[in-house]
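Okay, here's what each chain looks like letter by letter:
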Amino acid sequence: MKLSHVAFLSFVGLAAASPFPASSTTQNTAKDEITTRELQKRASNPSVSGLKFEIDGTTAYFAGTNAYWIGFLTSNTDVDTVMSQLKSSGLKVLRVWGFNDVTSSTSGVWYQSLIKGQNPQINTGSNGLQRLDYVVSSAAAHGIKLIINFVNNWSDYGGMPAYNSYYGTTKTTWYTNSRVQAQYQAYIKAVVSRYASSSTIFAWELANEPRCNECATSIVTQWATKTSAYIKSLDPNHMITMGDEGFMNGGGDGSYPYTTAEGMDFETNLKIPDISFGTFHLYPSSWGETNAWGSTWITNHGAICVKVGKPCILEEYGVTSNKSAAEGPWQTTALKTSGIAGDMFWQFGDTLSNGKTPDDGNTIYYGTSDYTTLVTQHVAAIKS
């Protein structure tokens, strides 16, 4: 018997209002089925396995990279070219910007507008999040996993400064202002809802290099606790991480990265229940340190990761000259340090249809001698 739309709704309403509850056996079976489905979803996604990660059924140290710009490309062929080269190189995880905030009208790619005098807008069109959609689909086709980040500490591609300009907040109050955090969470929801069922997502990342200069460390810790719990409520099946530089609250040699000057406490933040693993970055020259200093930075983080019982990733590292001589020893140290489960150089470079991809001086271009040393040979060392 075919029901009309009204009759069908009436039928559903009567069924829902039935005075005869489902048997306990039926209820338990339904719960078991839901639990099984959730476990299957989690099993297909990258996950923590002790102090390492399990990716596609294999638990091992991995090599990866960053290409923040890939979601802003307008050529699908270019995206596919990058993914193909990452795959052939043996790089498993790619970190990309999942944000692109604008404060004025543009004909280019943008994901969110924060233009004064207008309501915030999230762009799901062909020059918006559909560009990120293609990155996710191409990554899936090539077996690449993605770390997707939601906001930048810096003004590049909008970031926290774009929110601050719109809402009249500061570097400090960004983390606590209710209107800022409501819009930030609205944006998170828009992105997470698109890919929550995708096993291509390695992890969701709260921010790129969050800092709170001269703040009490509790400000960022409380923000990270609330935000990671919110993401977990949207998607319980994928990992979550901070995206921070790894600034510590004491220890080491007492130099700037080991102080609370930027309001960060690596160990405390790593202990947040919904933070799955730790991240830290390495740019000695930017911090007034030598390249040789970098290996101790890596081992000190590894010790904290072991102490907390969560794996960590050397998520960004780079120098502008003598790359192989500087970064090769860091890779060797990371690979042999317990608690460090992967490293991701900053950043992957390529020549695409419109020329070379962005070069900030740290870029390692596909096919160069540095690429052979720091990617090809590094991946071989991991496999051996």
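All of these numbers come straight from a predicted model, not from anything done at the bench.

Colleague: Sorry, what's going on with unusual backbone geometry here?
Modeller: Apart from glycine, the bulk of residues carry a negative phi angle, and the bulk of peptide bonds sit in the trans form. Following Trp346, the chain continues into Gln347 via a peptide bond in cis, with omega recorded as -5°. Note that Gln347 resides in the loop between β14 (340-345) and β15 (348-349). In the Ramachandran plot, Tyr157 falls in the positive-phi region, its phi being about 60° despite a non-glycine side chain. Following the sequence through the fold, Tyr157 ends up in the loop between β9 (145-149) and α5 (159-167). In this structure, Glu209 takes a positive phi of about 55° despite not being glycine. Mapped onto the elements, Glu209 comes out in the loop between β10 (201-205) and α7 (217-234). The exposure class assigned to Glu209 is buried, which follows from its relative accessible area of 8%.

Colleague: How do you make sense of the side chain of Ser198 when you look at a structure like this?
Modeller: Among the secondary structure elements, Ser198 is positioned in the loop between α6 (178-195) and β10. Here Ser198 falls in the buried class, since its relative accessible area comes to 16%. Not counting chain neighbours up to four residues away, the residues in contact with Ser198 comprise Asn45, Val136 and His238.

Colleague: Honestly, α5 in this entry has me stumped. Any pointers?
Modeller: Each turn of an α-helix holds 3.6 residues, which means side chains three or four residues apart point in the same direction. Among the nine residues of α5, seven are classified as buried, and the element is accordingly described as predominantly covered. Buried within α5 we find Gly159, Met160, Ala162, Tyr163, Asn164, Tyr166 and Tyr167. The elements touched by buried residues of α5 are β6 (101-102), β7 (112-113) and α6. Where α5 terminates, the next one or two residues include Gly168, which has phi positive at roughly 75°.

Colleague: What is the right way to look at the pairing of strand β4 (residues 62-66) in this model?
Modeller: Walk down a regular strand and you will see the side chains alternate between the two sheet faces. The element β4 is largely enclosed, with a buried count of five among its five residues. One ladder, built from four bridges, connects β4 with β14; its direction is parallel. Bridge pairing in β14 places Phe62 opposite Gly342. The sheet contact formed by β4 and strand β5 (residues 93-97) spans three bridges and is parallel. Across the sheet, residue Asn66 finds its bridge partner in β5, namely Arg95. Handedness of the crossover joining β4 and β5 through helix α3 (residues 76-89) is recorded here as right-handed.

Colleague: Would you take a moment to explain the pattern of salt bridges for this structure?
Modeller: Side chains that differ in sign of charge can pair as their charged atoms come close. One pass over the structure, following the stated rule, counts ten salt bridges. One salt bridge in this structure joins Glu205 and Arg95, with 2.8 Å as the shortest N-O distance. On the criterion of sequence distance, the pair formed by Glu205 in strand β10 and Arg95 in strand β5 is long-range, its members being 110 residues apart. Across the pair, Arg95 and Glu205 agree in class, each one buried. Note that Arg95 is salt-bridged to Glu315, the shortest N-O span being 3.2 Å. In this pair, Arg95 is assigned in strand β5 and Glu315 in strand β13 (residues 312-317), connecting sequence segments 220 residues apart. Residue Arg95 is classed as buried on the basis of its relative accessible area, which comes to 0%. Given the relative accessible area of 0%, Glu315 is considered buried. If you follow the salt bridges from partner to partner, you end up with Arg95, Glu205, Glu315 and Glu316 in one network.

Thresholds applied
Residues numbered from 1 in each chain as written. Predicted model: local features only at pLDDT ≥ 70, side-chain atom pairs only at ≥ 80, totals over all residues. Heavy atoms only, no water. Helix = DSSP H or I, 4+ residues; strand = E, 2+ residues; numbered from the N terminus. Buried < 20%, exposed > 50% of the residue type's maximum accessible area, 1.4 Å probe, protein only. Contact = heavy atoms within 4.5 Å. Pairing = 2+ DSSP bridges. Right-handed = clockwise from strand over helix to strand, strands pointing away. Salt bridge = Lys/Arg side-chain N within 4 Å of Asp/Glu carboxyl O.

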